[in-house]
Structures are given as C-alpha cells and as structure tokens.
Amino acid sequence: MVEEFILKATGPGMVFSGCGSATPAQVLTNDALSQIVETSDEWIRSRTGIGSRHLLPPDQSLTDLAIAAGKSAIAMAGIESAEIDLVILATSTPDDLFGSASKVAHGLGATRAVGFDLTAACSGFVFAFSVASQFIQAGTYQKVLVIGADALSRWLDWEDRRTCVLFGDGAGAVVCQTSEHQGLVGFELYSDGSRNHCLTLGLSSGRKTLGEGQVDTGKYNTLQMNGREVYRFAVDKVPEVMEKLLYRTETQPEQLDWLVLHQANQRIMDAVAKRLKLDPERVISNLGQYGNTSAASIPIALDEAVRDGKIQPGDLIATAGFGAGLSWGAALIRWGENGWS
Ligand code: UT7
C-alpha cells in the first residue's frame, strides 16, 4: 500500500483540499503572432503543440492573477482566507523583486498568514508544495496556500521567434492542509547549476563606477534559452525522476490515474507518457490554449481537470516540473481532501 509506506516514512499527512486558476483575458493566437515574428501556426503547433497564449495586459499585475487563483482555491477548499497560515508564491516574475507573496496574502485577506516567494522557474510549483509539506508534516502550519504564477511575456524578446512563441501568462493555486490522510505520496527534487546557462533570465551588465570600484546597475536581460539542450534535458531527466519516484513509493505506472506534467512541449509530454507506457488519454494537456506558463502550468492544468470532473477525489496523479536552474522535480499526489481513505 503506497499510503502506508509514506505515512510511516514522513509522519502526519497533507492533503490537497482545493485548487483554482486565473489567466488574463487577452489571447494571442499563433496566426496573430506570425504577423509579429517570422513564424507560422504550422511550425509552432507541430514543434510544440501550442495554439495560443494568454498575455497579461499592462493594467493587470501578477499579484492580481495570483490573488484570483488563490481565492478560487480557497473557495473550493471551503475555508476562510483568514485561516491560512502560509502563502508560498512560486514565481520567477514577481511584480517586485523583493517578492509579491505578502501582497498576495494581503489581497486575499489572509490576515494571519506569512508569505514568501519561491523561485525555481518552471519547477517552482512542485518545489513549493513540497516545501509546504515540510511545514505541515512538522506540525508548524496547518493550512498553506501554494500558488504558481508567472508572466514571462514581460521578459521575452518579442523579436526572437525561438522563445517568444513558447510562453504565456497565468496563475494556479492549491490549498494544502493537515490531515490524517496522506495526499502527497512522495516527491523528488533536483537541480544542476552546471547547466544553468541553458535557460536564463539574467542580469545584463550596466556598470557604474563608484569611487575606485564598480557596481552593476541592475537591469535584466530577456529570457535566453538553448531549446535543443533543454529539450534533451527534459526527455532525459523527467522520465528518470518519475521512475525513481514510482520505485521509491512502490507504485506501478498502471496505478496512475493521471499524468500532469509541466506544460512546455507536447512532444516532451508524449515522450514521458510513452516511457511510462501510459495511455495518452491519461495525460492532461492544455498547452494548446495557454502555451508554457512556467510555474503556473501544472496548477492551471490540474485545476481545469478537477473542474471538468476528469480528476476525482482519490485519483493518483504523477506530476513533474522542469526548467531553468536547471531544475526538475516530480511528485505523486492522491487528489482531494477526503472520499478516498
Ligand atoms: O519551461 C522551460 C522548459 N523549456 C522547454 O521545455 C523547451 C524545450 N525545447 C523545445 O521545446 C524545442 O527545442 C523548441 C520548441 C524550443 C524548438 O524546437 P526544435 O525542434 O528543437 O527546433 P530548433 O531549435 O532545432 O530549430 C529548428 C529550426 C531552426 O531553423 P534551421 O536552423 O534548421 O534553419 C530554427 O531557426 O526551426 C527554426 N525556428 C523556427 N521557425 C519558425 C526556431 N523557432 C522558430 C519559429 N518559427 N518560432
């Protein structure tokens, strides 16, 4: 029994009691994008599976999106915002480099929650709920709101067709709560800084001389990616981490109800499903509509599948995030608060 194994291993349980998501209304289709850069709907669809992306307008903030997703997750969990102990905002694109989580907590009315941002790029959501589980299993906090939100449209070179066609903006959230059940069956997290250069959103050097020294004056470059390298990394490491996770939790691939991967490229999702010998119908994909929304992609896909009635309480979900760092991580989730003990 999977649950018994982990309950023994990690102590008190954590369940996922609600989810929510929010995406901006503004949509840019492949055809519209091909008027801006030299690309085509055919190229983008066949190489990635992406058909359109939602983009954050200048009068909307990432904080607004994160609050909307958080509200919806809190409502599904049937709790009050004021009961939340901790808000973790997984993002690489906060409105404020000092972090946006406390503003999100304030906007939600999560009056007693502490909030902090967590940056692990497209792996951020998996890293963030794994961190939440440590607070919950240690007994420190009982109710944690985990949000994955990104607006990479702000950081793209809209003249670089190799990157600008891939990304979109959005937010997704889950409520994690203490329980006698164990909804987080297991997780594995990794990073490898030796391959950091493959995907970066780094400082661009603007030097200023101060006395006898120099400082950088804090401007950021646009997103830079070696797509082929990142693709190779993803199809190598994601199946590997998934297989490790299944082994460690004594789970057979055929026990999985759903695969909810970071939505970066349909070919990557298909490759992982094939390696695990999973029926393609078990793979949740909304990449066609949203593109790669970085830390938001897993919780948006999860939320849509739960609200569509695909994912039911008690379903076993394998999830994995991967991206800049390079970082990657996988988790096995038993969805829902109850109805499956
Ligand atoms: O969330 C972070 C994780 N990121 C990822 O998972 C991204 C992983 N990488 C990928 O998904 C793929 O590498 C891409 C979709 C980014 C690129 O696909 P690819 O099959 O690896 O294409 P490529 O980079 O090898 O480029 C093939 C050709 C090139 O032309 P030449 O040099 O062969 O003449 C590119 O210039 O396609 C060209 N190209 C494009 N053509 C039309 C690159 N981007 C475009 C474009 N439209 N948007």
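Quick note: structure is the one above.
Residues numbered from 1 in each chain as written. Predicted model: local features only at pLDDT ≥ 70, side-chain atom pairs only at ≥ 80, totals over all residues. Heavy atoms only, no water.

Enquirer: Explain helix H4 (residues 62–77) to me, using residue names and the numbers behind them.
Expert: Between its first and last C-alpha atoms H4 spans 23 Å; for 16 residues at 1.5 Å apiece the expected length is 22 Å, and the two agree. Those residues of H4 that fall on the buried side of the exposure criterion are Leu62, Thr63, Leu65, Ala66, Ile67, Ala69, Gly70, Ala73, Ile74 and Ala77. Contact partners of the buried residues in H4: strand E1 (13–22), strand E4 (86–90), helix H5 (101–108), strand E6 (143–151) and strand E7 (169–179). The positive-phi residue at the C-terminal boundary of H4 is glycine 78, with phi of around 70°. (Helix = DSSP H or I, 4+ residues; strand = E, 2+ residues; numbered from the N terminus. Expected span 1.5 Å × (residues − 1). Buried < 20%, exposed > 50% of the residue type's maximum accessible area, 1.4 Å probe, protein only. Contact = heavy atoms within 4.5 Å.)

Enquirer: Tell me about the pairing of strand E17 (residues 327–334), and name the residues and values.
Expert: Burial analysis of E17 places eight of its eight residues in the buried class, which makes it a mostly covered element. Relative to E17, strand E8 (residues 184–191) runs antiparallel, the two sharing seven bridges. When the sheet's bridge partners are listed, glutamate 188 is paired in E17 with alanine 330. Pairing of strand E16 (residues 316–323) with E17 involves eight bridges; the strand directions are antiparallel. Its bridge partner being in E17, glycine 321 is matched across the sheet by glycine 329. Counting the residues in the hairpin turn of E16 and E17 gives three residues, including glycine 325, whose phi is positive at 140°. (Pairing = 2+ DSSP bridges.)

Enquirer: Any details on the pattern of salt bridges? Residues and values, ideally.
Expert: Taken as a whole and assessed by the stated rule, the structure comprises 12 salt bridges. Ionic pairing is found between aspartate 192 and arginine 195, a salt bridge with its closest N-O pair at 3.1 Å. Take arginine 195: its relative accessible area is 23%, and that puts it in the partly exposed class. Residue glutamate 240 is joined to lysine 237 by a salt bridge in which the shortest nitrogen-to-oxygen separation is 3.4 Å. Of this pair, glutamate 240 and lysine 237 both sit in helix H8 (residues 227–248), three residues apart, which is roughly one turn of that helix. Its relative accessible area of 28% is what places glutamate 240 among the partly exposed residues. A relative accessible area of 16% means that lysine 237 is categorised as buried. Bridged by salt links that share partners, the residues Lys237, Glu240 and Lys244 form one connected network. (Salt bridge = Lys/Arg side-chain N within 4 Å of Asp/Glu carboxyl O.)

Enquirer: An account of the nonpolar core is needed here, citing residue identities and associated values.
Expert: Ranked by size, the top nonpolar core spans 44 residues in total, and within it Met242, Leu259, Leu261, Phe322 and Leu332 carry the most contacts. Put simply, the parts of the chain that give this core at least two residues each are H8, strand E15 (258–261), helix H9 (266–275), E16 and E17. No other element matches H8, which puts eight residues into this core. Once you skip the residues sitting within four places of it in the chain, leucine 332 turns out to touch Gly183, Leu184, Val185, Gly186, Leu245, Leu246, Thr249, Thr251, Leu256, Leu316, Ile317 and Ala318. Counting residues in each nonpolar core, the second largest holds 34 residues, with Cys19, Ala90, Val126 and Ala301 among its members. (Core = buried A, V, L, I, M, F, W, Y, C linked by side-chain atoms within 4.5 Å.)

Enquirer: Any details on the site of the ligand? Residues and values, ideally.
Expert: Lining the immediate environment of the ligand, one finds 23 residues, of which Thr39, Arg47, Arg228, Asn265 and Asn292 sit closest. Note that an oxygen atom of the ligand is positioned 3.3 Å from one of the side-chain N or O atoms of tryptophan 43. Contacts to the ligand include asparagine 265, whose side-chain N or O atom sits 2.7 Å from an oxygen atom. When the ligand sits alone it has 960 Å² of accessible area, and the protein chains cover 77% of it. Contributing elements (two or more residues each) for the shell around the ligand: helix H3 (41–48), helix H7 (161–164), H8 and H9. Looking at the shell around the ligand element by element, the count peaks at four residues for H8. Across the shell around the ligand, the residue classes tally to 11 nonpolar, six polar and six charged. (Near = heavy atom within 4 Å. Polar contact = N/O pair within 3.5 Å; in protein donor to acceptor, adjacent residues only side chain to side chain. Areas by Shrake-Rupley, 256 points an atom, 1.4 Å probe, with all protein chains shown as cover. Nonpolar A, V, L, I, M, F, W, Y, C, P; charged D, E, K, R; others polar.)

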